[in-house]
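Descriptive structure summary
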Amino acid sequence: MKLFGNAMLLKNAIESIDAFIQEHTAEVCPHCRNVCCINRHGRYDYADLIYIQALGLKPPAYKENVRDTDRCQFLAASGCTIERALRPFRCNWYFCDAILKSMEDGAVKPYRQFIKQFQKIIELKKAVEDASLNDNNDRVTS
Ligand code: SF4
Ligand code: SF4
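Summarised in this report is the structure supplied together with it. (Residues numbered from 1 in each chain as written. Chains lettered and ligands numbered in written order. Predicted model: local features only at pLDDT ≥ 70, side-chain atom pairs only at ≥ 80, totals over all residues. Heavy atoms only, no water.)

1. Focus on the packing of aromatic side chains
Throughout the structure, instances matching the rule amount to nine aromatic pairs. Three or more aromatic residues link up through ring pairs in this structure, and these residues are Phe20, Phe89, Trp93, Phe95, Tyr111, Phe114 and Phe118. The ring of Phe89 carries the charged tip of Lys125 above its face, separated from the ring centre by 4.8 Å. (Phe/Tyr/Trp six-rings, centres within 6.5 Å; stacked < 30°, edge-to-face > 60°. Lys NZ or Arg CZ within 6 Å of the ring centre and 35° of its normal.)

And the structure:
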């Protein structure tokens, strides 16, 4: 139960910064000549899968036989087709220099709120992982 609760808090926290990030990626990414979205980055790691499973969801199906370095299979003309809260964490964590500059050059208050919320997201991600470990330990000892 704690695992689900923490996963929901994490999902809500990621959703809360979606509009802010989107505002900057919509401005900067269409001009990018070196798009960072490649198949290797679109894969979930173990911690991502714990979080997705804790929410009772399944990761999207992967196409077979795609090259790691090719354009990510989840990237469409309008951007990533996976909702932000369910993307691999490395996707939500990564901000290139151009995006960071756009954020830093923007209004101060939303940027500060974003940084604060992002710190909360890191803590919640750790809480999800810890709750998963505790769940597993309980199963082993019961
Ligand atoms: S996040 Fe940065 S590197 Fe990735 S597509 Fe946008 S501008 Fe390009
Ligand atoms: S943000 Fe979406 S499109 Fe980009 S690498 Fe991650 S999963 Fe793929």
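2. Here's the deal with unusual backbone geometry
Positive phi, close to 55°, is recorded for Asn65, a residue that is not glycine. Residue position: Asn65 is located in the loop between α3 (46-54) and β1 (75-76). On the basis of relative accessibility, which here comes to 79%, the residue Asn65 falls in the exposed class. (Helix = DSSP H or I, 4+ residues; strand = E, 2+ residues; numbered from the N terminus. Buried < 20%, exposed > 50% of the residue type's maximum accessible area, 1.4 Å probe, protein only.)

3. Thoughts on the environment of Glu64
With respect to the helices and strands, the residue Glu64 is situated in the loop between α3 and β1. Once the C-alpha coordinates of Glu64 and Lys125 are considered, the two residues, 61 residues apart in sequence, prove to be 29 Å apart.

4. Considering the nonpolar core
Leu10, Tyr51, Phe95, Met103, Phe114, Ile121 and Val128 are the most contacted members of the largest nonpolar core, which has 31 residues in total. Of all the secondary-structure elements, those providing two or more residues to this core are α1 (2-16), α2 (18-28), α3, α5 (97-105) and α6 (108-141). No other element matches α6, which puts six residues into this core. (Core = buried A, V, L, I, M, F, W, Y, C linked by side-chain atoms within 4.5 Å.)

5. Quick word on the pattern of salt bridges
Scanning the entire structure with this criterion turns up seven salt bridges. Residues Glu15 and Lys11 are paired through a salt bridge, measuring 2.8 Å at the closest nitrogen-oxygen approach. In this pair, Glu15 and Lys11 both sit in helix α1, four residues apart, roughly one turn of the helix. Exposure remark for Lys11: the relative accessible area of 16% places this residue in the buried category. Of the charged contacts in the structure, one is a salt bridge between Arg84 and Asp18, with a shortest N-O distance of 2.6 Å. Of this pair, Arg84 sits in the loop between β2 (79-80) and α4 (89-93) while Asp18 is found in helix α2, placing the two residues 66 residues apart along the sequence. For Arg84, a relative accessible area of 9% corresponds to the buried category. Looking at Asp18, the relative accessible area reads 29%, which means it is partly exposed. (Salt bridge = Lys/Arg side-chain N within 4 Å of Asp/Glu carboxyl O.)

6. Concerning the side chain of Asp48
Mapping Asp48 onto the fold places it in helix α3. It is Arg90 that comes nearest to the buried, bridge-free Asp48 among opposite-charge side chains, at 5.1 Å. A polar atom in the side chain of Asp48 sits 3.0 Å from the backbone nitrogen of Phe89. In this structure Asp48 touches Arg43, Pro88 and Phe89, once residues within four positions along its chain are discounted. (Lys, Arg positive; Asp, Glu negative; His and termini not counted. Polar contact = N/O pair within 3.5 Å; in protein donor to acceptor, adjacent residues only side chain to side chain. Contact = heavy atoms within 4.5 Å.)

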